[in-house]
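A closer look at the structure
Residues per chain are reported as follows:
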Number of protein chains: 2
Amino acid sequence: MPLGEEKNGKCDGSIYVNNPHLDSMTDDILYHFNLGTSTHDLPKMFGDVKFVCVGGSPWRMKSFTEYIAKELGLVDPNAEYPNICAGTDRYAMYKVGPVLSVSHGMGIPSISIMLHELIKLLYHARCTDVTVVRIGTSGGIGLKPGTVVVTKQSVDSLFQPHLEQTILGKPVVRSTELDKELAEELLQCGKELGEFEIIIGNTMCTLDFYEGQARLDGAFCSYSEEDKQNYLAEAYAAGVRNIEMESSVFAAMCKLSNLRAAVVCVTLLDRQKGDQLTSSHEVLNNYQQRPQALVGHYIKKKLNISKKS
Amino acid sequence: MPLGEEKNGKCDGSIYVNNPHLDSMTDDILYHFNLGTSTHDLPKMFGDVKFVCVGGSPWRMKSFTEYIAKELGLVDPNAEYPNICAGTDRYAMYKVGPVLSVSHGMGIPSISIMLHELIKLLYHARCTDVTVVRIGTSGGIGLKPGTVVVTKQSVDSLFQPHLEQTILGKPVVRSTELDKELAEELLQCGKELGEFEIIIGNTMCTLDFYEGQARLDGAFCSYSEEDKQNYLAEAYAAGVRNIEMESSVFAAMCKLSNLRAAVVCVTLLDRQKGDQLTSSHEVLNNYQQRPQALVGHYIKKKLNISKKS
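Along each chain, residues carry numbers from 1 onward, in the same order as the chain's sequence is written. To label them, take the chains in the order written and letter them from A, then take the ligands in the order written and number them from 1. Where totals are concerned, whole chains, interfaces and linings use all residues; where local detail is concerned, this predicted model gives features only for residues with pLDDT of at least 70, and gives and counts side-chain atom pairs only at 80 or more. In computing side-chain properties, one takes all heavy atoms of the structure into account and sets aside hydrogens as well as water.

All copies are superposed by least squares; the fitting set is the C-alpha atoms of residues with a pLDDT of at least 70 in both. Superposition record for chain A on chain B: RMSD 0.0 Å, screw rotation 180°, translation along axis 0.0 Å. This pairing of chains is accounted for by a two-fold axis. Only heavy atoms matter for contacts: two residues are in contact if any of them lie within 4.5 Å across the pair. An overlap of 100% is found between the interface residues of chain A and their copies at the interface of chain B, pointing to a shared contact surface.

Right, here's the structure in full:
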């Protein structure tokens, strides 16, 4: 199969690994999770997973697990939620009922390692019909801080909806298309909650937080405030409403693996008005709870619907 | 100043920020460190820093601090080494005497955020003559696992010694040259220690651990074992002896900031013989201590020399 032409979009709900070599491996070590097929019973541990939430910070993913346990009525007052990846400090992973919560660090390479291993984990565990949502933070463009953006398309720094990767030294371009129906459902959930502003918009995914996002406050900056504002205005005109650092490879890898995927990020500031995060710790913390409240509402709704049917 | 033409290489030992906007800021919040110029006395906290060691894992950087405290005779039996960035889980930072130790997560974007804030921190703290060493892990090519590689040149996936970044949607190419003298000094230290094999070689820096490094065991793989071996052989012919995910931006940013910089990574496996990390936890742990032993020896030597002179 030539590079760049990968199969995707199977309809049976199973997780799809695009790798013929995996079948001939007697053991698969998921090194950065400190898990493996010969050391762990992955179907038993993870076979019932239907929702995976991922986010940059290990603390936030632990707090999401505690929150979702409460929301789903699965709280055992004596229960601690152990970090399933306790043997490593690369990622943190928690599980409560059908919901898995995994941290991914910052940036495309960091989330890409996690997703390779997560996709193999779900595949080895024989999970089906899995929905994955990235809950994160971002800089907004032309939005009131605290607004939640559900990503329509993840675009690169030229506002194109694809990701260029390098494989064996050659460029491979992958689509960053996300599940439209899921994005609409999440928007609807936000409106039902009515606790914060929520919109659908394009999300720009960059390789750098400072120069890559036209910030004026990094260690290096060779452009003017006007150059910055022009670039952000171009992005806005291309439908970009927020900027973060993981959505493109997240969208591309989930699409290749037959995972329904969405990106929900809160905006911590309006980049047209500044670069530094000057809001108080308390305000920023409150903002960061919004994506998890949204996804909590969505999961509850989905589980109720499936119970009724 | 046009993009891509940045000043560098000042001779007075001071840290150089290439950003005229910083001078007009009344406060600088180093968000991902949870530090700032108006909340912390950075010159008092960090003014004496002469060596900075950075590595992916927070645990490893804490363990490096404990190790270096012992080596430098700075151990206070009652002392804990508090995480200076305790208010955030993005990075961990420890300090003992003139040695600062900071984690950077995995991949170019993650280390790039850390370096922007580290360079500003050293600048605000008015540090001079600072040496920065990345101590990490890597995959080797044609080397016995456990061999330590001191990077001669950090090259990209086409084996070119530069890093292409995107700023305001336009490509900017930066040199990834490292300090040759420092690399030779570190090689010499390794030979003096005589505890493990050590070489100087080129290091390939990739954006992905699986497909980006020609692994056959990721969630996706559309090439054959032969394609992989050919690519690794090409890399070897270009002088590449190990592969990791942070050296290029580390080299580029340190060069722009007038920081003497080196990359010292241990190889955990020989990629021509496999992809998975099958060595025992104990063996891998032992390997990971080698770069820190090397840098410990180097720092001790430097401090003794400066005491004698």
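Here we come to the packing of aromatic side chains. Aromatic pairing here means that ring centres of Phe, Tyr or Trp (its six-membered ring) are within 6.5 Å. Orientation follows from the plane angle: under 30 degrees is stacked, over 60 is edge-to-face, and everything else is tilted. Tallied over the full model, the rule gives 8 aromatic pairs over all chains. Between A:Phe33 and A:Tyr91 the ring centres are 5.9 Å apart and the planes differ by 75°, which places this aromatic pair in the edge-to-face class. With A:Phe33 in the loop between strand 1 (29–30) and strand 2 (35–36) and A:Tyr91 in the loop between helix 2 (58–71) and strand 4 (93–96), this residue pair connects regions lying 58 residues apart in the sequence. Residue A:Phe33 shares its accessibility class with A:Tyr91, and that shared class is buried. In this structure, B:Arg215 is placed above the aromatic ring of B:Phe209, and the distance from its NZ or CZ to the ring centre is 3.8 Å. Positioned above the aromatic ring of B:Tyr236, the side-chain terminus of B:Arg241 is 3.6 Å from the ring centre. Only DSSP runs of H or I covering at least 4 residues are called helices, and only runs of E covering at least 2 are called strands; the numbering of each starts at the N terminus. Classification of residues uses two cut-offs on accessible area relative to the type maximum, computed with a 1.4 Å probe and protein chains only: under 20% is buried, over 50% is exposed, and between them is partly exposed. Note on criteria: charge over ring means Lys NZ or Arg CZ within 6 Å of the ring centre, with the direction from the centre no more than 35 degrees off the ring normal.

The next point concerns helix 6 (residues 247–256) of chain B. Residue and element names in this part refer to chain B. Counting buried positions over the 10 residues of helix 6 gives 9, a clear majority of the element. Looking at helix 6, one finds that the buried residues are Ser247, Ser248, Val249, Phe250, Ala251, Ala252, Met253, Cys254 and Leu256. Positioned one or two residues after helix 6, Asn258 has a phi angle of 65°, which is positive.

What follows concerns unusual backbone geometry. Residue A:Asn34 is not a glycine yet carries a positive backbone phi of 55°. Within the fold, A:Asn34 resides in the loop between strand 1 and strand 2. If you check the backbone angles, B:Leu168 has positive phi at about 50° while not being a glycine. Turning to its location among the elements, B:Leu168 is positioned in the loop between strand 8 (162–167) and strand 9 (170–175). The class of B:Leu168 is buried, set by a relative accessible area of 10%.

So, about the state of the cysteines. Any two cysteine sulfur atoms lying within 2.5 Å of each other are counted as a disulfide. Counted according to the given criterion, the structure contains 0 disulfides over all chains. This cysteine, A:Cys205, is not joined by any disulfide, and A:Cys265 carries the nearest cysteine sulfur, 9.6 Å off. Cysteine B:Cys127 shares no disulfide, and the gap to the nearest cysteine sulfur, in B:Cys254, comes to 14 Å. Relative accessible area serves as the criterion here: at 2%, B:Cys127 is assigned to the buried category.

So, about the pattern of salt bridges. All names here are of chain B. Salt bridges are defined as contacts in which a side-chain nitrogen from Lys or Arg sits within 4 Å of a carboxyl oxygen from Asp or Glu. This model, assessed by the stated rule, comprises 30 salt bridges over all chains. Here Arg134 makes a salt bridge to Glu244, at a shortest N to O gap of 3.0 Å. Taken together, the residues span a long stretch of sequence, with Arg134 in strand 6 (residues 131–140) and Glu244 in strand 11 (residues 240–244) at a distance of 110 residues. Classification of Arg134 as buried rests on a relative accessible area of 2%. By relative accessible area, Glu244 is classed as buried at 3%. Measuring nitrogen to oxygen at the nearest pair gives 2.8 Å for the salt bridge that ties Lys228 to Asp275. In this pair, Lys228 is assigned in helix 5 (residues 225–237) and Asp275 in the loop between strand 12 (260–270) and helix 7 (281–308), connecting sequence segments 47 residues apart. According to the relative accessible area criterion, Lys228 is buried, its value standing at 2%.

Moving on, we come to the interface of chain A and chain B. On the chain B side, the residues contacting the 75 residues of chain A number 75 residues. The term buried area means the drop in 1.4 Å probe accessible area that two parts suffer when joined, counted for both and summed. Among the residues of chain A in contact with chain B, A:Met106, A:Leu168 and A:Phe220 are the three that bury the most area, contributing 13% of the side total. There are 2 salt bridges connecting chain A and chain B. A salt bridge links B:Glu211 to A:Arg174; the shortest N-O distance between them is 2.7 Å. By the criterion applied in these results, polar contacts are pairs of N or O atoms within 3.5 Å in which, for protein atoms, one can donate a hydrogen and the other can accept it, and in which residues neighboring in sequence qualify only through two side-chain atoms. Along the contact surface separating chain A from chain B lie 28 residue pairs in polar contact (both at pLDDT 80 or more). Where the side of chain A that touches chain B is concerned, the elements lending two or more residues are helix 2, helix 3 (108–124), strand 8 (162–167), helix 5 (225–237), helix 6 (247–256) and helix 7 (281–308) of chain A. In this count, Pro and Cys sit with the nonpolar residues alongside Ala, Val, Leu, Ile, Met, Phe, Trp and Tyr, while Asp, Glu, Lys and Arg are called charged and the others, Gly among them, polar. Classifying every residue of the side of chain A that touches chain B by side-chain character gives 36 nonpolar, 25 polar and 14 charged.

A word on the packing of helix 3 of chain A against helix 6 of chain A. Residue and element names in this part refer to chain A. Viewed as axis vectors pointing N to C, helix 3 and helix 6 meet at an angle of 20°, and their least axial separation amounts to 9 Å. With respect to helix 6, the element helix 3 is oriented roughly parallel. Seen along the crossing, helix 3 lies across helix 6 with a hand that is right-handed. Here Ile108, Ile111, Ser112, Leu115, His116 and Ile119 of helix 3 come into contact with helix 6, specifically with Ser248, Val249, Phe250 and Met253. Counted by class, the contact of helix 3 with helix 6 contains 7 nonpolar, 3 polar and no charged residues. What counts as an axis is a line fitted to C-alpha atoms, over the stretch in contact for a helix, and the angles between N-to-C directions run from 0 to 180 degrees. Throughout, the term roughly parallel applies to angles under 35 degrees, roughly antiparallel to angles over 145, roughly perpendicular to angles from 65 to 115, and oblique to all others. Throughout, a crossing is termed right-handed when the near helix is turned clockwise from the far one, and left-handed when it is turned anticlockwise from it by less than a right angle.

Mapped onto the secondary structure, A:Ser157 falls in the loop between strand 7 (148–155) and strand 8. Taking the relative accessible area as the measure of exposure, A:Ser157 reaches 15% and is therefore buried.

So, about the pairing of strand 11 of chain B. All names here are of chain B. With 5 of 5 residues buried, strand 11 is to be regarded as a mostly interior element. By definition, two strands form a pair when at least two bridges between them are found by DSSP. Where strand 6 meets strand 11, 2 bridges bridge the pair, whose relative direction is antiparallel. Counterpart to Gly140 in the pairing with strand 11 is Asn242. Note that strand 10 (residues 198–205) and strand 11 share 4 bridges and pair parallel.

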